[in-house]
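Residues per chain, in single letters:
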Amino acid sequence: MAIDPAKTRPLTIRLATPRGFCAGVDRAIQIVERAIERYGAPIYVRHEIVHNRHVVDRLKALGAVFVEDLDDCPTDRPVVFSAHGAPKSVSLEAQARKMIYLDATCPLVSKVHVEAERHFESGREIVLIGHAGHPEVIGTMGQLPDGAVALVETLADAERFQPRDPENLAFVTQTTLSVDDTADIVAALQRRFPSMAAPHKEDICYATTNRQEAVKAVAENCDLLLVIGSGNSSNSVRLVEVALRAGVPKAFLIDDASHLDMAWLTDARTLGITAGASAPEVLVQEVIDRISQDFAVTVQNVESARETVSFKLPRGLGPES
Ligand code: 10D
Ligand code: SF4
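Just so it is clear, the model here is predicted, and its values are computed rather than measured.

1. Some thoughts on empty space enclosed by the protein
Right, on to step 1. Tallying each qualifying case throughout the model produces one cavity of 30 Å³ or more.
Right, on to step 2. Approximately 290 Å³ is the volume found for the largest cavity.
Right, on to step 3. Together, 25 residues line the largest cavity, and Cys22, Val25, His84, Thr175 and Thr176 are the ones closest to its centre.
Right, on to step 4. Elements supplying a minimum of two residues to the lining of the largest cavity: α2 (23-39), α5 (107-121), α9 (206-219) and α10 (234-245).
Right, on to step 5. When the residues that make up the lining of the largest cavity are grouped by side-chain class, the tally is 13 nonpolar, eleven polar and one charged.

2. So, the site of ligand 2
Right, on to step 1. What surrounds ligand 2 is the set Cys22, Gly24, Val25, Cys106, Leu108, Thr175, Cys205 and Tyr206.
Right, on to step 2. Among the detected pockets, ligand 2 sits in the largest cavity.
Right, on to step 3. Residue composition of the shell around ligand 2, grouped by class: six nonpolar, two polar and no charged.

3. Focus: the domain arrangement of the protein chain
Right, on to step 1. Segmentation of the protein chain into domains returns domain 1 (6-21 + 206-303), domain 2 (23-103) and domain 3 (107-192).
Right, on to step 2. Across the boundary between the two partners, domain 2 contributes nine residues, which contact eleven residues of domain 3.
Right, on to step 3. Taken together, both faces of the contact between domain 2 and domain 3 bury some 740 Å²; the carbon and sulfur share is 59%.
Right, on to step 4. Per-residue buried area on domain 2 facing domain 3 is highest for His84, Pro87 and Lys88; these three make up 56% of the total on that side.
Right, on to step 5. Where domain 2 touches domain 3, the interface holds one salt bridge.

4. Description of the sheet that holds strand β12 (residues 296-303)
Right, on to step 1. Across the sheet, five strands lie side by side as β10-β9-β11-β1-β12; this open sheet has parallel pairing. Only two strands of the sheet have a single partner each, and these edge strands are β10 (251-254) and β12. Neighbouring strand axes in the sheet, compared pairwise and without regard to direction, differ in orientation by 25 degrees on average.
Right, on to step 2. Sheet topology note: the strand β9 (residues 224-228)/strand β11 (residues 270-275) ladder contains five bridges and is parallel. Each residue of the ladder has a partner; that of Ile228, found in β11, is Ala275.
Right, on to step 3. Against the sheet, α9 makes contact with β1 (10-17), β9, β11 and β12, and its axis sits at roughly 155 degrees relative to β1, the strand it touches most.
Right, on to step 4. Helix-sheet contacts for helix α11 (residues 281-292) involve β1, β9, β10, β11 and β12, and the interaxial angle to β11 is about 160 degrees.

5. Some details on the packing of α2 against helix α3 (residues 53-62)
Right, on to step 1. Their axes nearest at 10 Å, the elements α2 and α3 cross at an angle of 10 degrees. By the angle class used here, α2 and α3 are roughly parallel. Residues Ile29, Val32, Glu33 and Ile36 of α2 pack against Val55, Arg58, Leu59 and Leu62 of α3.

6. Re the sheet that holds strand β4 (residues 79-81)
Right, on to step 1. Pairing within the open sheet is parallel, and its four strands lie in the order β3-β2-β4-β5. Each edge of the open sheet is held by one strand with a lone partner, namely β3 (64-67) and β5 (101-103). Neighbour-to-neighbour, the strand axes of the sheet open up by a mean angle of 25 degrees, direction not taken into account.
Right, on to step 2. Across three bridges, the pairing between β4 and β5 is parallel. For Phe81, the partnering residue across the bridge sits in β5 and is Asp103.
Right, on to step 3. Here α2 sits on the sheet and contacts β2 (43-46), β3, β4 and β5; the angle it forms with β5, its principal contact strand, is near 160 degrees.

7. Description of the pattern of salt bridges
Right, on to step 1. Taken as a whole and judged by the stated rule, the model has 17 salt bridges.
Right, on to step 2. Measuring nitrogen to oxygen at the nearest pair gives 3.7 Å for the salt bridge that ties Asp57 to Arg53. Here Arg53 and Asp57 lie together in helix α3, a separation of four residues that amounts to about one turn.
Right, on to step 3. Among the residues examined, Asp57 registers a relative accessible area of 35% and is labelled partly exposed.
Right, on to step 4. Its salt-bridge partner being Arg245, residue Asp181 comes within 2.7 Å of it at the nearest N-O pair. Taken together, the residues span a long stretch of sequence, with Asp181 in helix α8 (residues 179-192) and Arg245 in helix α10 at a distance of 64 residues.

8. Comments concerning the layout of surface pockets
Right, on to step 1. Each pocket or cavity is described by its volume, and for the largest pocket that value is around 220 Å³.
Right, on to step 2. Of the residues that constitute the lining of the largest pocket, the class distribution is four nonpolar, two polar and four charged.

9. What to know about the site of ligand 1
Right, on to step 1. Close to ligand 1 lie 15 residues, the nearest being His51, Ser233, Ser234, Asn235 and Ser278.
Right, on to step 2. Separating an oxygen atom of ligand 1 from a side-chain N or O atom of His84 is a distance of 2.9 Å.
Right, on to step 3. Asn235 places a polar side-chain atom, nitrogen or oxygen, 2.7 Å from an oxygen atom of ligand 1.
Right, on to step 4. Protein coverage of the free-state accessible area of ligand 1, which is 380 Å², stands at 96%.
Right, on to step 5. More than half of the atoms belonging to ligand 1 lie within 2 Å of the grid points that define the largest cavity.
Right, on to step 6. For the shell around ligand 1, the residue count by class is four nonpolar, ten polar and one charged.

Here is what the cut-offs are and how they apply
- Here the residue index of a chain counts from 1 through its sequence in written order.
- For naming, the first written chain is A and the first written ligand is 1, with later ones following in the order written.
- Residues qualify for local features only when their pLDDT is at least 70, as the model is predicted, and side-chain atom pairs are given and counted only at 80 or more; totals for whole chains, interfaces and linings, by contrast, use all residues.
- Heavy atoms throughout the structure, all of them, feed into the side-chain values; hydrogens and water do not.
- A pocket here means an open set of points on a 1 Å grid, computed over the protein atoms alone, that has protein on both sides within 12 Å along at least five of seven lines. A cavity is instead a set of points where a 1.4 Å probe fits but cannot get out; residues with an atom within 4 Å of a point line either one.
- Grid points are joined across faces, edges and corners, and a volume is the space filled by probe spheres set on the points.
- By the criteria applied, helices consist of DSSP H or I runs no shorter than four residues and strands consist of E runs no shorter than two, each listed in order from the N terminus.
- Basically, the charged four are Asp, Glu, Lys and Arg, the nonpolar ten are Ala, Val, Leu, Ile, Met, Phe, Trp, Tyr, Cys and Pro, and anything else, Gly included, counts as polar.
- What makes a residue near a molecule or strand is one non-hydrogen atom of that residue sitting within 4 Å of it.
- Cavities and pockets are treated as containing a molecule whenever more than half of the molecule's atoms lie within 2 Å of their grid points.
- Start and end positions for the domains come from either an automated domain assignment or a database one.
- Note on definitions: a residue-residue contact is assigned when non-hydrogen atoms from the two residues lie within 4.5 Å.
- Buried area adds together the accessible area that both of two parts lose upon being put together, with accessible area traced by a 1.4 Å probe.
- Definition used for salt bridges: Asp or Glu carboxyl oxygen within 4 Å of a side-chain nitrogen of Lys or Arg.
- Note on pairing: two strands pair once DSSP finds at least 2 bridges between them.
- Orientation is described by lines fitted to C-alpha atoms, with helices fitted over the stretch in contact, and by angles between N-to-C directions that extend from 0 to 180 degrees.
- Angles are sorted into four bins: roughly parallel if under 35 degrees, roughly antiparallel if over 145, roughly perpendicular if 65 to 115, and oblique for all others.
- For every residue, the accessible area obtained with a 1.4 Å probe (protein chains only) is divided by the maximum for its type, and the residue is called buried under 20%, exposed over 50%, and partly exposed between those limits.
- Distance and chemistry together define a polar contact, namely a pair of N or O atoms within 3.5 Å, with one atom able to donate a hydrogen and the other to accept it when in protein, and with adjacent residues in sequence counting only for side-chain atoms on both sides.
- Residue exposure ignores everything except the shown protein chains as possible cover, and the areas themselves are Shrake-Rupley values with a 1.4 Å probe.

Okay, here's the thing in structure tokens:
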């Protein structure tokens, strides 16, 4: 039998660690699973619990119904709010309708909500660095009255932002931003408004920071880098940008192995792989398995940080209940 030369071609896969599920995603998925166990199906979920097609499809099969608006939920079924957070008006509305609701907002997003509220109570105008239209940004802005929070998306926005009172400003950020872009935006704001109050520590969360660092660590010598994740996942999209900026010639975001174009690997010797914070690890393994059918693969685990963070489930859904 003739040997297929492609199958004997060596390919090194540099696997970024940490990658994939963060503690907030893990907790949010568990909240939906436990709610289905406890209350039975259907359970309503306001917005995709996390931005991943596979996670959403699996939970749909278990009995979750995903909606964008509380108005689309019957009042006699429990509703879960997604990990990205929701405006205050949503929980107030659920209370007014006497609905059972479970808040799967990541504790690190809730922490930003609390920070913004404290600044507001101290009379400060708040700058939120983030992406317009993203549910986390809508949720954070929605913690406070209209006009209390000004959105800054880019360095250009930071340069032209005109506060009501330059001496009475604070900033907070979306948790899943590019660490490097945000540092530039913060530097511009601090140059213009030296007294601006800042978070104690970065609002960009540990998982976002670690996944971006891990991409930088695997980038060296990579001909191509694949990020496993869905197109609406902000933190996953950022990983593609980080790879390209670190000098990887090509980087793609793919949902799963079925979206892998083997032509991308034609001249590749070294391939980087990572996964966004909402992408299940099984999808990474399936991509490696698919590539191993055509190449003599060596997998190098490149570990740049160890993660030990985990979050408790809300009362009533945890192990004590
Ligand atoms: O779009 P994204 O990166 O904010 O969300 P995703 O659901 O992909 O990942 C989890 C991140 C959350 C919930 C925001 F903190
Ligand atoms: Fe929480 Fe960070 Fe994960 Fe978002 S990416 S859910 S803030 S741990």
